[in-house]
Amino acid sequence: MEQPNFKNIDTLKDWIINVHEKDIIEMKKAQELPVSFWETYSAFSNTSGGWVLLGVMEGNPMNIIQGVGNITKTQMNLWDMLSNPNKVNYRGVDNEDVQVVKIDGAEVMIVYVKEAPESMKPVYFNGKRENTFIRTGDGDRRATKQELEAFERNAMPCHDSLPVEHFTIDDLDMDSVITYKEKVNKRFPKKKYIEMSNQDFLIEIGACFVDRVSGEVKLRRGALLFLGQERTIKEVYPHYHLDYFNRKGYNPRWIDRVSDDEPGDYEMNIFNFYSIVYEKMKMLLKESFELDEGQIRMPLSDFDEVLRECLINCLAHADYVQAYPSIKIEVFDGWFHFLNPGKMLVSLQQFRTGGDSRPRNEIIMKMFRWLGASERQGYGGPLIYTTTASGGVHTPEIYTDIEKTDLRIWNIDFADSYPELDEEAKIILRVILKSDMPMSVSKIREEIGLSDYKVRKWLDILDEKKLVQKIGNGPTTKYAIRETADEKITQLQIALNNLKTKE
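Residues numbered from 1 in each chain as written. Predicted model: local features only at pLDDT ≥ 70, side-chain atom pairs only at ≥ 80, totals over all residues. Heavy atoms only, no water.

J.: Just checking my understanding: could you explain the overall build of the protein for this structure?
T.: When helices and strands are tallied, the protein shows 17 helices and 19 strands. The long-range share in the protein, meaning contacts at least 24 apart out of those at least 6 apart in sequence, stands at 64%. Of the roughly 24,800 Å² of accessible surface on the protein, a fraction of 49% belongs to carbon and sulfur atoms. (Helix = DSSP H or I, 4+ residues; strand = E, 2+ residues; numbered from the N terminus. Contact = heavy atoms within 4.5 Å. Areas by Shrake-Rupley, 256 points an atom, 1.4 Å probe, with all protein chains shown as cover.)

This is the structure:
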């Protein structure tokens, strides 16, 4: 999150009087440091960070700049309390995060509160964990008991490496174990895993371990989730639930489903669910490519790799303790939806650029890697973003909070991912997308043969929808695709990758 430029007072004044409270902005009247500041401080620290504007009252249509009554005392109180561990358990504001500006004679204090690391959450005040707040929409609300428990799990990931007391390998599905062992043996034939007993194999790959005190062979939680019998999985994880829906053809219901709550030929552990769903998605992808090759802009093999990474991320980073939401994979015409319980443990920027990995379930991720199914740890996000960007399709959309992680990816070209657009508008969008440089109206008209009136009409609509942006004014006006922050970061990543390839 980049901070606004506060050097120009006129620009800052305009920003302050027109901005509205949202998930990253909070305004407070303040003669001194208000008590409610700490609720917002806790909420911003526990979510995505944000700015607190002290001395500003929200108004309609414009905010009112009143100023802070006693700015010196307010600053002293802020620093004193931030430095007091009895007041807050984590300090997320440094000197450069606090600025005092004078606007029309009134002094406004702008405080930027950074998001706390997952290991330091929850952030609370007055020494009471019940004083933990999170930001939802434009307000602060007290965290629930379930959310506090989720913060604790996020602070200490790899819960799945712990032993499942009083469970043994007999609680695993032996068909799954044998199939998994055969697949791993094919990758590493010199290890001769196929000749090992199931127990020795599971110990060798870290799914089980021998307790050095008791000599007992103990099963890890991740192994139970990955290879267990569904019944025994739900003894340990009562909220465990996996769903896959094929909703292609704009069908009001699903036309195909894979779920743990429907009778089937396989125990619906993570391994079997992954194996079945991945094959179904690959088949649907191949069919769509063959039937409508003109729409697809990405090589089939490349998107196959993206799908696999998305599916593994969804299964390996899920919080299986959490009651809601459950894992859900959906296939629609032209796009795929992956939903899992639990917050992503790296920032969105880290996910896009790679190099940093904090898997929630290390054992599950490791078992995927033994299959050769998972990308090198920490580089799944860049693979998803750079591959889709190179293929000319809609940029992936990802959202994560304390409750869930929601990822959507498209496999049709950028224009077709907006089905509400008229075909002429899509043609204009494709022409601009293919161009390396911003295009003038006359150049677009020349490329597609539409009238000046129609080109301008569709450009105005695309501008309103924030799909294109105007560059310049008057006769020199040109148009380019409006890039999101995600796309800019992705393009940078592609450029860096290309440089490495040339070295």
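J.: When you look at unusual backbone geometry in this model, what are you seeing that I'm missing?
T.: Negative phi is the rule for most residues except glycine; trans is the rule for most peptide bonds. The omega angle of the peptide bond from Asn60 to Pro61 is 10 degrees, so this bond is cis rather than trans. Turning to its location among the elements, Pro61 is positioned in the loop between strand 3 (56-57) and strand 4 (64-65). At the junction of Tyr324 and Pro325, the peptide bond is cis and its omega measures out at -10 degrees in the coordinates. The residue Pro325 is located in the loop between helix 10 (300-316) and strand 13 (327-332) in this model. Unlike most non-glycine residues, Asp104 shows phi in positive territory, near 50 degrees. Even without being a glycine, Asn126 presents a positive backbone phi close to 60 degrees.

J.: Explain the nonpolar core here, please?
T.: In terms of nonpolar packing, the biggest core is built from 69 residues, with Tyr180, Tyr320, Phe338 and Phe368 touching the most fellow members. The contacts of Phe368, once residues within four sequence positions are left out, are Phe226, Ile270, Tyr274, Ile312, Leu315, Ala316, Ala373 and Ser374. Core analysis: the second largest hydrophobic core is formed by 23 residues, Phe37, Leu54, Val113 and Phe125 among them. (Core = buried A, V, L, I, M, F, W, Y, C linked by side-chain atoms within 4.5 Å. Buried < 20%, exposed > 50% of the residue type's maximum accessible area, 1.4 Å probe, protein only.)

J.: Before we go on, may I ask you to explain the sheet that holds strand 5 (residues 98-103) in this structure?
T.: What links the strands of a sheet is backbone hydrogen bonding, and the strands pair in either a parallel or an antiparallel sense. With mixed pairing, 4 strands are arranged side by side in an open sheet as 1-2-6-5. Each having just a single partner strand, strand 1 (25-28) and strand 5 make up the two edges of the open sheet. Taken over all neighbouring pairs, the strand axes of this sheet differ in orientation by 20 degrees on average, direction set aside. Pairing of strand 1 with strand 2 (residues 50-54), which is carried by 4 bridges, proceeds in the parallel orientation. Bridge pairing links Lys28 to Leu54 in strand 2. Contacts from helix 1 (residues 9-18) reach strand 1, strand 2, strand 5 and strand 6 (106-113), with the element oriented near 95 degrees to strand 5. The strands touched by helix 2 (residues 37-46) are strand 1, strand 2 and strand 6; relative to strand 2, the strand with the most contacts, the crossing angle is about 165 degrees. (Pairing = 2+ DSSP bridges. Axes fitted to C-alpha atoms, helices over the stretch in contact; angles between N-to-C directions.)

J.: I keep staring at empty space enclosed by the protein and nothing clicks. Help me out?
T.: Empty space among the atoms can be located by rolling a probe the size of a water molecule over them. Per the stated rule, a full pass over the model turns up 6 cavities of 30 Å³ or more. The volume enclosed by the second largest cavity comes to roughly 80 Å³. What lines the second largest cavity is Arg153, His159, Leu225, Tyr237, Ala318, Asp319, Tyr320, Val321, Arg360 and Asn361. (1 Å grid on protein atoms, 1.4 Å probe; cavity = no way out; pocket = protein on both sides within 12 Å on 5 of 7 lines; lining within 4 Å. Points joined across faces, edges and corners; volume = space filled by probe spheres on them.)

J.: Just to check I follow, could you spell out the pattern of salt bridges for this structure?
T.: Pairing between side chains of opposite charge can happen when the charged atoms of each approach one another. Applying the stated rule across the entire model yields 38 salt bridges. In this structure, Arg247 and Glu330 form a salt bridge, with 2.7 Å as the shortest nitrogen-oxygen distance. Placement of the pair is Arg247 in the loop between strand 11 (242-246) and strand 12 (256-259) and Glu330 in strand 13, with a sequence separation of 83 residues. Of the residues examined, Arg247 reaches a relative accessible area of 18% and is grouped as buried. In this structure, Lys280 and Asp256 form a salt bridge, with 2.8 Å as the shortest nitrogen-oxygen distance. (Salt bridge = Lys/Arg side-chain N within 4 Å of Asp/Glu carboxyl O.)

J.: Would you mind going over the environment of Asn89 with me for this structure?
T.: Its location among the elements puts Asn89 in the loop between helix 3 (71-82) and strand 5. When its relative accessible area of 28% is taken as the criterion, Asn89 is described as partly exposed. Expressed as a C-alpha distance, the spacing of Asn89 and Val123, which sit 34 residues apart in the sequence, is 6.1 Å. Discounting chain neighbours no more than four positions away, the residues touching Asn89 are Met120, Pro122, Val123 and Tyr124.

J.: Looking at this model, I keep getting lost on the confidence of the model for the protein. Mind explaining?
T.: Low-pLDDT stretches of the model should not have their predicted coordinates read in fine detail. In this model, the protein carries an average pLDDT of 87, and 90% of its residues clear a pLDDT of 70 or more. Here helix 17 (residues 485-502) stands out as the least confident element of the protein, with mean pLDDT 47; helix 7 (residues 221-227) is the most confident, with 98. (pLDDT = per-residue confidence, 0-100.)

J.: Where do I start with the pairing of strand 16 (residues 404-410) in this structure?
T.: Two faces make up the sheet, and in a regular strand the side chains alternate between them. Extensive coverage of strand 16 is indicated by the burial of 6 of its 7 residues. Note that strand 14 (residues 335-341) and strand 16 share 7 bridges and pair antiparallel. What sits directly across from Phe338, in strand 16, is Leu407. As consecutive antiparallel partners, strand 15 (residues 397-400) and strand 16 are separated by 3 residues.

J.: Even after reading the chapter, I still don't get helix 12 (residues 362-371), so can you show me in this structure?
T.: The buried count for helix 12 comes to 7 of 10 residues, which makes it a mostly enclosed element. Among the residues of helix 12, Ile363, Ile364, Met365, Met367, Phe368, Trp370 and Leu371 are the ones counted as buried. Residue Gly372 follows helix 12 closely and has a positive phi angle near 80 degrees.

J.: Explanation requested: the packing of helix 15 (residues 441-448) against helix 16 (residues 452-464) in the structure shown.
T.: Two measures define how a pair of helices packs: the angle their axes make with one another and the distance between the axes. Contact geometry for helix 15 and helix 16: axes closest at 10 Å, N-to-C directions at 115 degrees. Considering the angle they form, helix 15 stands roughly perpendicular to helix 16. Both helix 15 and helix 16 take part in a crossing whose hand is right-handed. Residues Val441, Ile444, Arg445 and Ile448 of helix 15 lie in contact with helix 16, whose contacting residues are Asp452, Val455, Arg456 and Leu459. In terms of residue class, the contact of helix 15 with helix 16 is made up of 5 nonpolar, no polar and 3 charged. (Parallel < 35°, antiparallel > 145°, perpendicular 65-115°, else oblique. Left-handed = near helix turned anticlockwise from the far one by under 90°. Nonpolar A, V, L, I, M, F, W, Y, C, P; charged D, E, K, R; others polar.)

J.: Got a minute to help me understand the environment of Ser417 in this structure?
T.: Examined against the element boundaries, Ser417 turns out to sit in the loop between strand 16 and helix 14 (423-434). Residue Ser417 is classed as buried on the basis of its relative accessible area, which comes to 10%. Linking Ser417 and His394, residues 23 residues apart in sequence, is a C-alpha distance of 6.5 Å. Ignoring anything within four residues of it in the chain, the contact list for Ser417 reads His394, Trp410 and Ile412.

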